[in-house]
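Secondary and tertiary structure notes
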Amino acid sequence: KLGLTSADQKFNYSAISNIETKRRLGFSSGVYIEWLDIPFISVITEVDYTQRGMGQEFIVNASTGPEPIGKKTLYSRLDYLSVPVLVKATLLGTIISSYIVAGPRFDFLLGYKSDENTFNDLYGKFKKNLFGGTLGLGAETGSLLPVTLTMDVRYNFDFTKSFKNEYLEVTNNTFDFMVGVRF
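Looking at the overall build of the chain
Looking only at helices and strands, the chain has 1 helix and 9 strands in total. Each helix and strand of the chain, placed in order from N terminus to C terminus, yields the pattern β-β-β-β-β-α-β-β-β-β. Here the chain holds 183 residues, and 43% of them are scored as buried. For the chain, the distance from the average position of its 19 positive side-chain charges to the average position of its 19 negative side-chain charges is 1 Å.

As C-alpha cells, this is what we get:
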C-alpha cells in the first residue's frame with residue numbers, strides 16, 4: 001500500500017498557552033497480512049514506513065533592526081517504522097465492500113530532520129519507541145478484478161508522549177490516505 005500522510009505535532013508548554021503548528025504532507029508505504037478471516041471480521045498486521053512532523057511559522061526580521069519583513073514556515077520530518085495490529089469489520093457488498101479498522105500501533109523512530117536544524121536538538125531527545133492507536137474507514141473492490149484494490153483513510157494518535165519534561169509535552173497525530181492491493 002502507498003499513500004499520503006498529513007502530520008502534525010501538539011506542543012503543550014506549561015508556560016505558553018497555544019503554540020500553533022501547520023500540518024506537514026508526507027509519504028507512507030507498507031505491507032500487510034490479513035488473517036483470521038471469518039465472515040465480517042479479520043485481523044490486519046502491518047509494517048509501515050511513515051513520515052510525520054509539522055511546520056511552524058516564524059516572523060522574519062530585517063537584518064538592520066527589529067521590524068518584521070515577512071513570515072517563513074520551517075518544517076520538520078520524523079521517520080517512523082509503524083506496526084499497527086488492527087481489527088477489521090467489513091460490511092460486504094457486491095462490487096465494493098466498506099470496512100472500519102481500529103487497534104493499537106507501535107512506532108519506532110528511525111530518524112529526523114528539520115529545516116535549518118530548528119528542531120533537531122529537541123528531536124534528539126524524543127523517545128525511540130511509541131505506543132498509539134489507529135481508527136479508519138475504507139473500501140475494497142469485490143471479485144471483479146484478479147486482485148483486491150483497497151482505499152482507506154485513517155487517523156493515528158499517540159498514547160505515549162514523544163517528549164516530556166516539566167515544561168513541555170509533545171505528541172504526534174496523522175491522517176493517512178492509502179491505496180493498496182491485496183493478492
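Topic: a nonpolar patch on the surface
Among the surface-exposed residues, Val31, Val47, Leu81, Phe106, Phe108, Leu110, Phe131 and Phe159 lie close enough to one another that they form a single nonpolar patch of about 710 Å² accessible area. Considering every element that reaches the nonpolar patch, the biggest residue donor is strand β5 (residues 96-114), with 3 residues. One can find Leu81 in strand β4 (residues 68-91). For Leu81, a relative accessible area of 31% corresponds to the partly exposed category.

Looking at the pattern of salt bridges
A full pass over the atoms with the stated rule returns 18 salt bridges. Where Glu57 meets Lys71, a salt bridge forms, and the shortest distance between an N and an O atom there is 3.7 Å. Here Glu57, found in strand β3 (residues 41-61), pairs with Lys71, found in strand β4; they are 14 residues apart in sequence, far enough to count as distant. Several salt bridges converge on common partners, so that one network encompasses Lys1, Glu46, Asp48, Asp152 and Arg154.

What to know about the side chain of Thr171
With respect to the helices and strands, the residue Thr171 is situated in strand β9 (residues 168-182). Non-local contacts of Thr171, meaning those with residues more than four positions away in its chain, are made with Asp8, Gln9, Lys10, Asp158, Thr160, Lys161 and Ser162.

With respect to the packing of aromatic side chains
Overall, the coordinates contain 8 aromatic pairs when judged by the stated rule. Seen in terms of ring centroids, Tyr155 and Phe175 are 5.0 Å apart; in terms of plane orientation they differ by 40°. Their pairing is tilted. Here Phe175 lies in strand β9 and Tyr155 lies in strand β7 (residues 148-158), a separation of 20 residues in the sequence. A centroid spacing of 5.3 Å and a plane angle of 85° characterise the contact between Phe157 and Phe159, whose relative ring orientation is edge-to-face. You can call Phe157 partly exposed: its relative accessible area is 21%. Three or more aromatic residues link up through ring pairs in this structure, and these residues are Phe106, Phe131, Tyr155, Phe157, Phe159 and Phe175. A cation over an aromatic ring shows up here: Arg52 above the ring of Tyr80, its NZ or CZ 4.9 Å from the ring centre.

Re the pairing of strand β2 (residues 24-38)
Note: strand β1 (residues 2-13) against β2, 6 bridges, orientation antiparallel. Among the inter-strand pairings, Ala7 is bridged to a residue of β2, identified as Arg24. Bridging between β2 and β3 involves 9 bridges; their strand directions are antiparallel. Opposite Ile33, over in β3, you have Thr45 as the bridge partner. Linking β2 to β3, which pair antiparallel, is a turn of 2 residues; within it Phe40 sits at a positive phi near 75°.

Definitions and limits used
- Residues numbered from 1 in each chain as written.
- Predicted model: local features only at pLDDT ≥ 70, side-chain atom pairs only at ≥ 80, totals over all residues.
- Heavy atoms only, no water.
- Helix = DSSP H or I, 4+ residues; strand = E, 2+ residues; numbered from the N terminus.
- Buried < 20%, exposed > 50% of the residue type's maximum accessible area, 1.4 Å probe, protein only.
- Lys, Arg positive; Asp, Glu negative; His and termini not counted.
- Charge placed at Lys NZ, Arg CZ, Asp CG, Glu CD.
- Patch = residues over 30% accessible without salt bridge, like charges linked within 9 Å, V, L, I, M, F, W, Y side chains within 5 Å.
- Areas by Shrake-Rupley, 256 points an atom, 1.4 Å probe, with all protein chains shown as cover.
- Salt bridge = Lys/Arg side-chain N within 4 Å of Asp/Glu carboxyl O.
- Contact = heavy atoms within 4.5 Å.
- Phe/Tyr/Trp six-rings, centres within 6.5 Å; stacked < 30°, edge-to-face > 60°.
- Lys NZ or Arg CZ within 6 Å of the ring centre and 35° of its normal.
- Pairing = 2+ DSSP bridges.

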